[in-house]
Protein chains: 2
Amino acid sequence: MSDLVKVAVDAMGGDYAPVEPVKGAVDAVNENPRVQVALVGKPDVISSELEKYTYPKDRIEIIPATEVIETGEPPVKAIRQKKDSSIVVGMNLIRHGQADAIVSSGSTGAVLVGGQTIVGRIKGVERPPLAPLIPTKDGVSLLIDCGANVDARPSHLVQFAMMGSIYMEHVMGVKKPRVAIVNIGVEEEKGNALVKETYPLLKANPLINFVGSIEAREIPQGAADVIVCEAFVGNVILKLYEGVGATLIAKVKEGMMTSLRSKIGALLVKPALKETLKSFDASQYGGAPLLGLKGLVVKTHGNSRANEFKNSILQCITFTEQQINQKVQEHLLEYDSREVQQDGI
Amino acid sequence: MSDLVKVAVDAMGGDYAPVEPVKGAVDAVNENPRVQVALVGKPDVISSELEKYTYPKDRIEIIPATEVIETGEPPVKAIRQKKDSSIVVGMNLIRHGQADAIVSSGSTGAVLVGGQTIVGRIKGVERPPLAPLIPTKDGVSLLIDCGANVDARPSHLVQFAMMGSIYMEHVMGVKKPRVAIVNIGVEEEKGNALVKETYPLLKANPLINFVGSIEAREIPQGAADVIVCEAFVGNVILKLYEGVGATLIAKVKEGMMTSLRSKIGALLVKPALKETLKSFDASQYGGAPLLGLKGLVVKTHGNSRANEFKNSILQCITFTEQQINQKVQEHLLEYDSREVQQDGI
């Protein structure tokens with residue numbers, strides 16, 4: 001793999017654009033010689049940011065885009081009308097083979113719509129899921145789907161399980177990733193209509209290592225590598241993870257400030273605590289890939305800093321080099337042909 | 001209110017039965033002179049536990065029940081066949097006017113089924129929701145429904161919002177409780193089919209103080225007093241709350257043990273930290289009421305200790321004295337008649 005992986009970065013998206021995406025791009029090319037970045041957005045704004053840094057000039061270029069899609073805009077309309085926005089221009093680079101991937105911290109809706117309509121789905125993929133990595137006690141798990149497709153059908157969830165397995169195995173290096181479906185009990189007969197219909201399909205699928213239902217309580221323990229759920233539930237899990245974490249850490253800090261004794265203690269524990277809690281910080285793992293598209297689309301948090309941009313860009317290297325999309329297509333074809341064979345019996 | 005409130009306690013349910021429910025009952029009668037407890041279960045087992053304590057003998061009685069419903073049993077069958085189980089006998093006490101409420105740490109399924117079939121629904125209530133209090137940054141919120149009715153319809157959620165409001169106002173003393181619906185964005189057009197249909201109904205309901213959508217991230221911040229959601233989502237929220245909390249606290253402890261410096265610090269912060277984190281501990285607030293029944297059914301955690309039993313028993317006093325069930329019935333009737341009037345225009 002001597003070819004460079006070319007990643008488009010939406011320099012105008014997110015709360016801290018252009019400062020943080022530009023810094024993340026610079027850090028990425030400085031850290032890894034195999035990455036090339038196309039910063040998409042207003043050229044003057046990007047140039048004046050880039051001037052602050054030292055980096056290999058041949059591996060960062062600026063692709064002009066004069067418009068910006070704001071977070072509040074209706075996504076379908078925005079993608080259709082703002083042809084010269086950083087998201088649309090960036091995604092067209094993938095469509096026309098000029099980039100392998102795009103990283104954007106902009107409007108989630110616009111990234112999802114743009115991914116589907118501009119980058120396009122891999123043949124056979126019904127719905128592309130958004131799949132962030134979430135921190136667990138000793139590692140990470142992939143939460144899939146996390147907001148792309150509400151009111152999904154069982155066949156969608158089966159595809160999510162397959163795509164999630166491929167991602168965890170080939171991008172994250174987890175052998176035979178354990179796949180579980182989020183449920184309100186561990187027994188097979190538990191759950192809502194969607195889970196009850198999906199469970200036997202996952203159980204019967206020979207291409208995944210299905211370990212059964214998982215209760216939300218077990219997710220932070222790392223009880224499965226691929227956590228399959230419908231997008232509404234996945235979104236609630238992702239956001240509650242952040243919410244409970246933030247509130248609890250604030251409580252811990254508050255508790256440490258209640259007496260002179262505890263304040264002194266806080267000074268002593270601070271460095272060690274910071275290090276440990278860092279491992280429970282989602283931004284360490286880069287953004288969420290939108291899987292099943294003819295190119296890699298990575299959505300980072302709206303409040304991403306340079307570190308998350310950098311990690312998201314680097315994540316694109318493994319994804320591209322491992323030919324994840326090709327593997328997804330092969331798996332879906334294999335699964336389809338098995339279904340046809342079974343039907344034929 | 002000079003009459004005693006009579007609470008049946010399932011002495012055989014939960015991981016630590018009979019020790020913890022019996023101790024919780026003793027603590028409750030010792031703490032509050034207005035409560036009378038009927039301990040339901042095997043008389044010899046209960047008596048030998050009771051002998052350990054000093055308490056007003058006239059306020060704890062033993063009601064014999066020879067059978068026990070285990071957690072794994074199919075609930076409908078168990079309630080139908082084990083007529084002499086502690087849950088069935090205890091619920092029959094309410095049915096026959098011999099108790100106002102029951103507290104059980106036994107099988108959730110059996111408690112839900114027994115509540116509906118033995119205690120019975122208040123006229124007009126479509127589905128009785130399970131509604132635990134969850135800790136927030138500075139207080140508690142009511143999460144409703146949390147596991148009783150999967151695949152609910154919009155009309156159910158509207159009733160949950162009304163019952164939850166009455167509970168928070170009259171049991172917890174929150175004036176004009178803020179009601180929000182769990183969603184994956186705050187805009188009115190966001191959500192799955194259920195939320196989109198329910199939103200306008202909640203908005204139009206004059207009997208509740210609807211504040212719109214709430215993202216899961218905001219729940220631990222205490223952004224609403226009554227958090228309305230479908231049971232599958234509610235169950236995921238409740239369990240993830242516990243799961244993230246437990247994992248994060250374990251991480252904090254682990255972080256504090258990494259160096260000599262941090263170990264010394266840990267000793268100093270420990271007392272203050274313990275006090276602060278206690279306020280984020282769900283067991284402080286008692287069990288989850290199953291609302292909308294002709295009596296109060298309170299489900300406590302399977303791993304409840306005496307403190308949770310005691311708090312759940314004491315919670316029954318306010319509930320009964322405030323005539324919550326009567327208020328629920330009045331509200332539902334008022335809402336119904338408004339609907340009829342509107343239809344008539």
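Residues numbered from 1 in each chain as written. Chains lettered and ligands numbered in written order. Predicted model: local features only at pLDDT ≥ 70, side-chain atom pairs only at ≥ 80, totals over all residues. Heavy atoms only, no water.

Asks: Run through the packing of aromatic side chains, naming residues and quoting values.
Replies: Residues and elements named next belong to chain A. What the rule picks out here adds up to four aromatic pairs over all chains. Pairing Tyr 199 with Phe 210 gives two aromatic rings, centres 5.1 Å apart and planes at 80°, and the pair type is edge-to-face. With a gap of 11 residues between them, Tyr 199 in helix 7 (residues 193–204) and Phe 210 in strand 8 (residues 209–214) connect regions that are remote in the sequence. In this pair, the class of Tyr 199 matches that of Phe 210, namely buried. Over the ring of Tyr 16 we find Arg 305; its NZ or CZ atom is 3.6 Å from the centre of that ring. (Phe/Tyr/Trp six-rings, centres within 6.5 Å; stacked < 30°, edge-to-face > 60°. Helix = DSSP H or I, 4+ residues; strand = E, 2+ residues; numbered from the N terminus. Buried < 20%, exposed > 50% of the residue type's maximum accessible area, 1.4 Å probe, protein only. Lys NZ or Arg CZ within 6 Å of the ring centre and 35° of its normal.)

Asks: An account of the interface of chain B and chain A is requested, with residue identities and associated values reported.
Replies: It is common to give the size of an interface as the accessible area lost on bringing the parts into contact. Listed as interface residues are 53 residues of chain B and, on the opposing side, 53 residues of chain A. With both sides pooled, the region where chain B packs onto chain A buries about 4900 Å², and carbon together with sulfur makes up 74% of that total. Of the charged contacts, one joins Arg 217 of chain B and Glu 242 of chain A as a salt bridge, the two residues approaching to 3.0 Å between their closest N and O atoms. The interface formed by chain B and chain A includes 16 residue pairs in polar contact (both at pLDDT 80 or more). Of all the elements in the fold, those that place two or more residues in the side of chain B that touches chain A are helix 7 (193–204), helix 8 (231–256) and helix 9 (260–278) of chain B. Residue composition of the side of chain B that touches chain A, grouped by class: 29 nonpolar, 15 polar and nine charged. (Contact = heavy atoms within 4.5 Å. Buried area = accessible area lost by both parts, 1.4 Å probe. Salt bridge = Lys/Arg side-chain N within 4 Å of Asp/Glu carboxyl O. Polar contact = N/O pair within 3.5 Å; in protein donor to acceptor, adjacent residues only side chain to side chain. Nonpolar A, V, L, I, M, F, W, Y, C, P; charged D, E, K, R; others polar.)

Asks: Let's hear about the sheet that holds strand 5 (residues 133–135) of chain B: which residues, and what values?
Replies: Residues and elements named next belong to chain B. Strand order in this open sheet of five strands is 5-6-9-7-8, and the pairing throughout is mixed. With one partner strand each, in any of the chains shown, strand 5 and strand 8 (209–214) form the two edges of the open sheet. Mean inter-strand twist for the sheet, computed between neighbouring axes without regard to direction, equals 30°. Packing of helix 6 (residues 154–170) onto the sheet brings it into contact with strand 5, strand 6 (140–144), strand 7 (178–182) and strand 9 (226–228), and relative to strand 6 it is tilted by some 150°. (Pairing = 2+ DSSP bridges. Axes fitted to C-alpha atoms, helices over the stretch in contact; angles between N-to-C directions.)

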